[in-house]
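# Close look at the chain arrangement
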Amino acid sequence: MSVATSSTLSGVDKAAVREVLDEVKAAGRDSLTAPEGKRVCDAYGIPTPREGLATSADEAAKLAEEIGKPVVAKIVSPDILHKTEAGGVIVGVEGPDAVRAAYEKILANAKAYKADADVTGVQIQEMVGGAGSTEVIVGATTDGTFGKVVAFGLGGVLVEVLKDVTFRLAPVDDAEARSMVTGIQAAEVLQGARGAEPADLDALADVIAKVSQLVDDFPEISEFDLNPVFASASGAVAADVRILLETEERARPVQHSQEDILRAMNTMMNPRSVAVIGASDQAGKIGNSVMKNLINGGYAGEIFPINPKADEIMGRKAYKSVGDVPGDVDVAVFAVPAKFVPAALTECGEKGVTAVVMIPSGFAETGNQELQDEIVEIANRYKVRMLGPNIYGYYYTPQNLCATFCTPYDVKGGVALTSQSGGIGMAILGFARTTKMGVSAIVGLGNKSDVDEDDLLTFFENDDNTQCVAMHLEDLKDGRAFVETAKRMTKKKPVVVLKAGRTDMGARAASSHTGALAGDDKVYDDILRQAGVVRAPGLNEMLEYARGLPLLPTPKGENVVIITGAGGSGVLLSDACVAEGLSLMDIPPDLDEGFRKFIPPFGAAGNPIDITGGEPPSTYEATIRLGLEDDRIHALILGYWHTIVTPPMVFAELTAKVVEEYRAKGIDKPVVASLAGDTEVEQACDYLFDHRVVAYPYTTERPVAVLGAKYRWARAAGLIGS
């Protein structure tokens with residue numbers, strides 16, 4: 001019996017951890033005791049208090065004497081994970097008699113809590129914390145979507161109540177670990193709020209990084225809790241350790257190399273030939289609609305109708321099977337009932353078809369997982385990439401490719417949109433048509449049995465026809481692959497995501513604090529942000545971001561200036577800026593004087609700059625010019641108020657003229673506008689959008705939200721300072 005001290009190793013001892021984990025597995029357990037947890041922490045240099053294990057009251061007293069300070073006594077039992085709940089923790093124990101009494105009381109409480117619990121002993125631990133320290137939690141869990149995830153937040157008994165926590169994919173580097181420490185709402189407490197001495201943030205970040213590396217090195221660790229960790233000016237010490245192991249190995253989805261993904265996706269989007277399996281001459285049939293869209297949409301490649309009961313369909317020779325088609329078939333679009341899919345897919349595999357598009361439903365979405373597993377096995381066997389099943393198809397406008405049974409679409413542009421839901425896909429289509437938003441692609445993903453978001457991102461990243469991607473998703477099949485791809489993509493082009501499903505009630509059954517905290521939408525929120533993705537709160541926002549982001553140039557800095565004709569709009573625009581994390585510029589005296597030359601005495605300079613509602617077009621024009629000319633200003637928000645003095649279209653035309661004039665000079669700043677007035681402002685907004693000024697009628701929030709999304713992407717991409 002002796003007091004164990006915290007390791008001071010700068011490196012790690014993987015062999016020591018392997019020894020502990022193997023001992024636990026050999027004993028048939030899926031959780032480590034606190035002393036075993038300390039051995040793991042020591043091996044990775046994670047600071048813990050001095051402690052020892054007592055198996056008698058006298059041993060407990062002797063350990064406390066060796067430690068020489070007040071101690072904490074804790075039950076050690078593989079059958080009792082929640083020690084406080086079982087009455088198995090007594091703090092602030094001092095003196096031999098008090099330690100002996102605490103030992104006996106803890107054993108009695110454990111027996112009352114769980115009579116058959118296997119009790120190893122009582123842990124006698126140096127009491128840490130106290131005045132000048134803050135309780136935080138550092139942990140890791142195994143997320144069903146993202147795998148190993150590390151967490152940091154406010155700790156102690158209130159951790160699951162306050163839920164002030166942030167997440168990252170493990171392992172994290174030093175910069176990411178530091179961003180976690182400063183990224184919680186209570187960060188000011190750690191940084192020394194109200195004159196308190198700040199905690200050692202580097203020490204906290206070091207603990208986070210070591211925990212993340214540990215769970216990455218040993219994937220069998222399913223959950224890891226250090227709670228509480230006492231953070232103070234002198235460092236960080238983990239007072240309690242909880243480690244749970246996986247009971248079964250988790251399988252990752254089939255992995256494809258980036259080269260293989262690009263080869264298949266390029267063929268899918270730019271096919272030389274398309275076969276329609278289930279093609280039909282009968283109106284109202286899906287196979288008929290697909291044929292019409294391919295032909296009438298202007299697709300220039302070969303189109304092969306496949307139907308064993310027809311010789312000709314829509315003026316084209318029909319084939320009984322895809323194997324009968326002379327020459328190569330790049331893509332096969334399926335428009336047959338689910339029960340006929342396996343046989344036809346096998347024929348596609350034997351033919352050497354690169355990609356198949358599974359429109360049919362009747363698979364996992366209806367409970368028929370077995371049939372879906374069967375077609376996945378066939379596709380994998382023949383190395384055929386499969387989109388769907390249960391989708392509306394896809395559009396790729398640069399090739400005039402409309403491989404879908406839904407309405408055609410031919411307005412070409414730089415936005416690629418994907419959806420997991422057919423209904424959402426059609427909402428995307430309708431919005432794009434109504435707003436004349438040019439798209440490069442619209443793709444349905446459905447059940448995502450094979451091709452998923454990271455496959456599509458890999459293609460769009462390298463597609464010169466795509467400048468922005470917006471994705472509706474209900475889940476991610478392989479979260480790590482998505483993050484890896486998105487991190488690359490978002491360095492070049494914005495990615496907007498609408499994630500449906502914001503809660504996971506199953507988290508309440510988790511065995512650790514970290515596991516419980518990781519069960520809601522916060523994991524998606526933090527990790528998508530880590531990937532540089534712009535998350536949209538709703539469908540309309542996703543679509544408006546997709547429409548507006550490609551129009552706005554990347555800002556060169558954080559200084560945003562509001563020029564408004566209405567004081568009330570200026571206040572609301574300012575509120576919207578705060579909500580979107582935008583920085584209203586503190587106008588310097590010389591610039592303030594410059595603006596005052598153009599506004600009436602009863603107007604207001606500063607920021608917002610209120611030119612008042614009765615001003616003529618020349619005032620709008622002069623102040624916008626100054627905003628564009630001064631290189632200290634990085635973005636403009638315009639608030640327009642409908643008056644007869646400056647009608648809506650006059651405002652729109654002069655704004656577009658001035659912005660285009662400065663673009664021609666090489667000065668291109670983001671300009672967004674909010675127009676208040678009668679219905680004429682709708683036409684004015686359309687005109688401004690046509691001239692790359694993002695403008696909305698009847699709202700102050702929406703134009704600022706689009707500008708905020710542009711800023712979030714630019715910061716994540718490292719194009720401006722964060």
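Here we summarise the structure given alongside this text. Here the structure is a predicted model, which means the values were calculated and not measured.

We now examine the overall build of the protein chain. If you tally the helices and strands in the protein chain, you get 24 helices and 30 strands. By the burial criterion, 57% of the 722 residues in the protein chain qualify as buried. Counted over contacts in the protein chain with a minimum sequence separation of 6, partners at least 24 positions apart contribute 71%. If you sum the accessible surface of the protein chain, you get close to 29200 Å²; carbon and sulfur atoms cover 50% of it. In the protein chain, 69 side chains carry a positive charge and 100 a negative one; their mean positions are 3 Å apart.

The subject of this paragraph is the packing of aromatic side chains. Summed over all chains, the structure comprises 9 aromatic pairs. Ring centres of F146 and Y524 lie 5.1 Å apart, and the angle between their planes is 70 degrees; on these two criteria the pair is classed as edge-to-face. Placement of F146 in the loop between β5 (134-143) and β6 (147-154) and of Y524 in helix α17 (residues 522-530) is noted, with a sequence separation of 378 residues between them. Summarising the burial analysis for this pair, F146 and Y524 share the class buried. Arranged with centres 5.5 Å apart and planes meeting at 85 degrees, the rings of F689 and Y696 form a pair that is edge-to-face. Following the ring pairs from residue to residue traces out a cluster consisting of Y396, F459 and F460. The ring of Y524 has K499 lying over it, and the distance from NZ or CZ to the ring centre is 4.5 Å. Between the NZ or CZ atom of K665 and the centre of the ring of Y662, over which it lies, the distance is 4.5 Å.

With respect to the helices and strands, the residue E544 is situated in helix α18 (residues 539-548). For E544, a relative accessible area of 6% gives the class buried. Residues within four places of E544 in sequence aside, it is in contact with F431, Y696, R702 and V706.

This part is about the layout of surface pockets. Taken as a whole, the largest pocket holds about 1000 Å³ of empty space. The leading source of residues in the lining of the largest pocket is α17, at 5 residues. A class-by-class count of the residues in the lining of the largest pocket yields 9 nonpolar, 9 polar and 15 charged.

Moving on: a negative patch on the surface. The grouping of D678, E680, E682, D686 and D690 at the surface amounts to a negative patch. Mapped onto the secondary structure, D690 falls in helix α23 (residues 680-690). Classification of D690 by relative accessible area gives exposed; the value is 55%.

This next bit is on the environment of I184. With respect to the helices and strands, I184 occurs in the loop between α6 (174-181) and α7 (187-190). Relative accessible area serves as the criterion here: at 6%, I184 is assigned to the buried category. Along the primary structure I184 and D164 are separated by 20 residues, whereas in three dimensions their C-alpha atoms are 6.0 Å apart.

Counting residues in hydrophobic clusters, the biggest one holds 58 residues, and the most contacted among them are F146, L387, Y394, L456, F460 and F482. Those residues in contact with Y394, other than ones at most four positions away along the chain, are M268, M269, V331, V357, L387, L401, C402, A403, T404, I442 and V443. Residues Y392, A432, Y545 and I562 belong to the second largest nonpolar core, which totals 49 residues.

With respect to topology, 5 strands assemble into an open sheet ordered β12-β11-β15-β16-β17, the strand pairing being parallel. In the strand order of this sheet, the two ends are held by β12 (302-306) and β17 (385-387), each with one partner. Within this sheet the neighbouring strands show an average axis-to-axis angle of 20 degrees, counted without direction. By the bridge criterion, 4 bridges tie strand β11 (residues 273-277) to strand β15 (residues 331-334) in an arrangement that is parallel. Bridge pairing in β15 places V276 opposite V333. Strands in contact with helix α11 (residues 341-351) are β11, β15, β16 (355-358) and β17; relative to β15, the strand with the most contacts, it is inclined by about 170 degrees.

On to α6, then. Within α6, burial applies to E176, A177, M180 and V181. In an axial view of α6, the angular spread of the buried residues amounts to 145 degrees, which keeps them on one side of the axis. Among the exposed residues of α6, those pointing more than 90 degrees away from its buried face are D174 and A175. Its buried side turned inward, α6 meets β6, β7 (165-169), α7, α8 (201-217), α15 (479-489) and α17. The N-cap of α6, judged by a side-chain oxygen 3.2 Å from the amide nitrogen of A175 a few residues on, is D173.

Before going further, it helps to examine empty space enclosed by the protein. Following the criterion strictly, the structure yields 2 cavities of 30 Å³ or more and no others. Estimated volume of the largest cavity: approximately 110 Å³. Every element with two or more residues in the lining of the largest cavity is listed here: β2 (71-76) and β10 (241-245). When its residues are assigned to classes, the lining of the largest cavity shows 8 nonpolar, 3 polar and 2 charged. What the second largest cavity holds in volume is close to 60 Å³. A34, K38, T48, P49, E51, K74, Q123, Q125, A238, A239, D240 and V241 together form the lining of the second largest cavity. Residue classes in the lining of the second largest cavity are distributed as 5 nonpolar, 3 polar and 4 charged.

Cut-offs applied
- Residues numbered from 1 in each chain as written.
- Predicted model: local features only at pLDDT ≥ 70, side-chain atom pairs only at ≥ 80, totals over all residues.
- Heavy atoms only, no water.
- Helix = DSSP H or I, 4+ residues; strand = E, 2+ residues; numbered from the N terminus.
- Buried < 20%, exposed > 50% of the residue type's maximum accessible area, 1.4 Å probe, protein only.
- Contact = heavy atoms within 4.5 Å.
- Areas by Shrake-Rupley, 256 points an atom, 1.4 Å probe, with all protein chains shown as cover.
- Lys, Arg positive; Asp, Glu negative; His and termini not counted.
- Charge placed at Lys NZ, Arg CZ, Asp CG, Glu CD.
- Phe/Tyr/Trp six-rings, centres within 6.5 Å; stacked < 30°, edge-to-face > 60°.
- Lys NZ or Arg CZ within 6 Å of the ring centre and 35° of its normal.
- 1 Å grid on protein atoms, 1.4 Å probe; cavity = no way out; pocket = protein on both sides within 12 Å on 5 of 7 lines; lining within 4 Å.
- Points joined across faces, edges and corners; volume = space filled by probe spheres on them.
- Nonpolar A, V, L, I, M, F, W, Y, C, P; charged D, E, K, R; others polar.
- Patch = residues over 30% accessible without salt bridge, like charges linked within 9 Å, V, L, I, M, F, W, Y side chains within 5 Å.
- Salt bridge = Lys/Arg side-chain N within 4 Å of Asp/Glu carboxyl O.
- Core = buried A, V, L, I, M, F, W, Y, C linked by side-chain atoms within 4.5 Å.
- Pairing = 2+ DSSP bridges.
- Axes fitted to C-alpha atoms, helices over the stretch in contact; angles between N-to-C directions.
- Arc of directions from axis to C-beta.
- Polar contact = N/O pair within 3.5 Å; in protein donor to acceptor, adjacent residues only side chain to side chain.

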